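# An overview of the molecular structure
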Amino acid sequence: MLWSLVKILAFVAAVMALTFGTAWVMELSGGAEITVAGIELTLSPLQLTIGFLLLLLGVWVMIYVVGLLIAVLRFINGDETAISRYFTRNRERRGIDALGEGMMALASGEGAVAMARAQRAERLLDRPELTNLLVAQAAEMAGDSKKAEATYKALLTDERTRFVGVRGLLRQRLDAGDTETALKLAEKAFQLKPKHAETQDILLRLQAESSDWAGARATLAAKLKTGTLPRDVYKRRDAVLALGEAKGILDETSTIEAREEAIEANRLSPDLIPAAVLAARSYVTAGNPRYAARVLRKAWDVLPHPDLAAAFAEIEPNEDPQARLKRFEALTKLRPEHAETRMLLAELNMACEWFPAAARALGDLTEVEPTARNLTLRAAIERGQGADDAVVRGWLTRALTASRGPQWVCDKCNTVHQHWIPVCTTCHGFDTLSWRTPPRTEFAMPGGADMLPLIVGTPAKPPAPVVLVKATADATPADKPGPN
Ligand SMILES: [Zn+2]
């Protein structure tokens, strides 16, 4: 607003100055006489002024023409000029168009088209950090992994695109299953961008898989620091890693560090059963059975588990069965209704040969949630009570086709693991194992499970003494899984 006002005022002032100037020049007397080659020119002041202005115009035109001539000469010479700039701009526009089309093709899943556009853009633009990215992704989509790898390697040379290059190579190595190189690349990527959540996760997984527990714990701490992990999840995962570390060291020798790692893991996550077991064993080795018992009691209260019972038994390895039953009250009174507690109590009573008490402890477990283990226990109890062979065989027959009960099952891929491990062997999930009953799958027995009664006798209830083939169903109580 103010600026337009100033412009108008300036214009008015210029017009006024021109008018007054012309009038003044016209009123001036005298003039100039120029003699050139014998010709005399007499100029009035007005003519003189006009002549002067014409001269100025002439000089300006001359400068412009000379400048243009120089530009043309330089263009011919190959230098950058307005003319070459025009062509460059045109080229750039076509390059950016090609880049855009390439990105569109990439998004619509047309690998070959994207590749062609990317190469065109590469030719036109000469901006490798932009076009290489598109080339690499297009090559990957088109299935040309060699080209993609070469392009990712080219990206490494520029500082701005180094991370993208490392990440691309890392993903390729992961897809190829080359975890060793992938781990090195992940470490490099983490160095470049420590706050990148995806890199943190990949690195953590690779470190855990390659049993680099100390490295994995450092990565986990970085994850906590950058806020990509809630504190409670951190504590649990750190415990799992500490446990992995302890297990790793325990495999070789039982050192002080291993004991401390186990105890630390148990402190971080008291409900982590293998940590509690390891910590308890560490306390026993250190001559501190009271601490060991406390750790196991705490874990049993959260989730009764046969490994806890086994570790509890190890506290006093040489006691007689009655003393053991008495000492185990510390555990068995904690979760009396839990299936694991009832089976433990039955086993302890059986060890004392108190079969009616064992049967009472087991109660209706074989009816409510029959598993291979409690059915085998029932068979052993029946045998101890002097039942008929056919009855025992009946229970064992049921045990054969019954559920295996809770086991270490991966929450992600449902793989059953013999022992607890931090990383699933099938899907490589970290801390995915939980103690539960796996989903039932039908037994693939030759001839089918229907044949069983013919072979080992009819199932119990009612136990029928019809035995076509005399099979050796001689299960002694020693065969059962127990705390010893
Ligand atoms: Zn798994």
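Residues numbered from 1 in each chain as written. Predicted model: local features only at pLDDT ≥ 70, side-chain atom pairs only at ≥ 80, totals over all residues. Heavy atoms only, no water.

### Overview of helix H6 (residues 145-156)
Each full turn of the α-helix corresponds to 3.6 residues, which orients residues three or four apart in the same direction. End to end, H6 covers 17 Å across twelve residues, agreeing with the expected 16 Å (1.5 Å per residue, within 8%). Taken together, the buried positions of H6 are Ala148, Thr151, Tyr152 and Leu155. Mapping the buried residues of H6 onto a view down its axis gives an arc of 100°, with all of them on the same face. Looking at the packing, one finds that the buried side of H6 touches helix H5 (128-141) and helix H7 (162-176). (Helix = DSSP H or I, 4+ residues; strand = E, 2+ residues; numbered from the N terminus. Expected span 1.5 Å × (residues − 1). Buried < 20%, exposed > 50% of the residue type's maximum accessible area, 1.4 Å probe, protein only. Arc of directions from axis to C-beta. Contact = heavy atoms within 4.5 Å.)

### A look at the coordination of the zinc ion
Here the zinc ion is held by Cys410 (SG), Cys413 (SG), Cys424 (SG) and Cys427 (SG), and the distances to it run 2.2 to 2.3 Å. Taken together, the four donor atoms surrounding the zinc ion define angles of 105 to 113° at the centre, an arrangement classified as tetrahedral. Counting residues between consecutive donors of the zinc ion along the chain gives the motif C-x2-C-x10-C-x2-C. Here Cys424 lies in the loop between strand S4 (416-417) and strand S5 (433-436) and Cys410 lies in strand S3 (residues 407-410), a separation of 14 residues in the sequence. A single burial state applies to Cys410 and to Cys424, both of which are buried. (Donors = N, O, S within 2.8 Å, 3.2 Å for Na, K, Ca; no water. Tetrahedral: all angles 85-135°; square planar, octahedral: opposite > 155°, others 65-115°.)

### Some details on the pairing of strand S1 (residues 32-36)
Strand direction decides the pairing type here: S1 and strand S2 (residues 39-43), joined by five bridges, are antiparallel. Bridge pairing in S2 places Ile34 opposite Leu41. (Pairing = 2+ DSSP bridges.)

### Concerning the packing of H5 against H6
When two helices pack together, their arrangement is given by the angle between the helix axes and by the axis-to-axis distance. One way to put it is that H5 packs onto H6 with a least axis distance of 8 Å and a crossing angle of 155°. Considered as vectors, H5 and H6 are oriented roughly antiparallel to each other. Remark: the crossing between H5 and H6 carries left-handed chirality. Residue-level contacts link Glu129, Asn132, Leu133, Val135, Ala136, Ala139 and Glu140 of H5 to Lys147, Ala148, Thr151, Tyr152, Ala154 and Leu155 of H6. When grouped by side-chain class, the residues that make up the contact of H5 with H6 number eight nonpolar, two polar and three charged. (Axes fitted to C-alpha atoms, helices over the stretch in contact; angles between N-to-C directions. Parallel < 35°, antiparallel > 145°, perpendicular 65-115°, else oblique. Left-handed = near helix turned anticlockwise from the far one by under 90°. Nonpolar A, V, L, I, M, F, W, Y, C, P; charged D, E, K, R; others polar.)

### So, the pattern of salt bridges
Here the structure, examined in full by the defined rule, presents 24 salt bridges. Between Glu149 and Arg173 there is a salt bridge whose closest N-O contact spans 3.9 Å. Of the two residues, Glu149 sits in helix H6 while Arg173 sits in helix H7, which places them 24 residues apart along the sequence. The exposure class of Glu149 is partly exposed, given its relative accessible area of 24%. (Salt bridge = Lys/Arg side-chain N within 4 Å of Asp/Glu carboxyl O.)

### Here we look at the packing of helix H13 (residues 273-285) against helix H14 (residues 289-302)
The geometry of H13 relative to H14 is characterised by a closest axis approach of 7 Å and an angle of 165° between their N-to-C directions. With respect to H14, the element H13 is oriented roughly antiparallel. Once H13 is placed against H14, the crossing between them reads as left-handed. Of the residues in H14, those touching H13 at Ala276, Val277, Ala279, Ala280, Tyr283 and Val284 are Pro289, Tyr291, Ala292, Val295, Leu296 and Ala299. Here the contact of H13 with H14 is built from residues that sort into twelve nonpolar, no polar and no charged.

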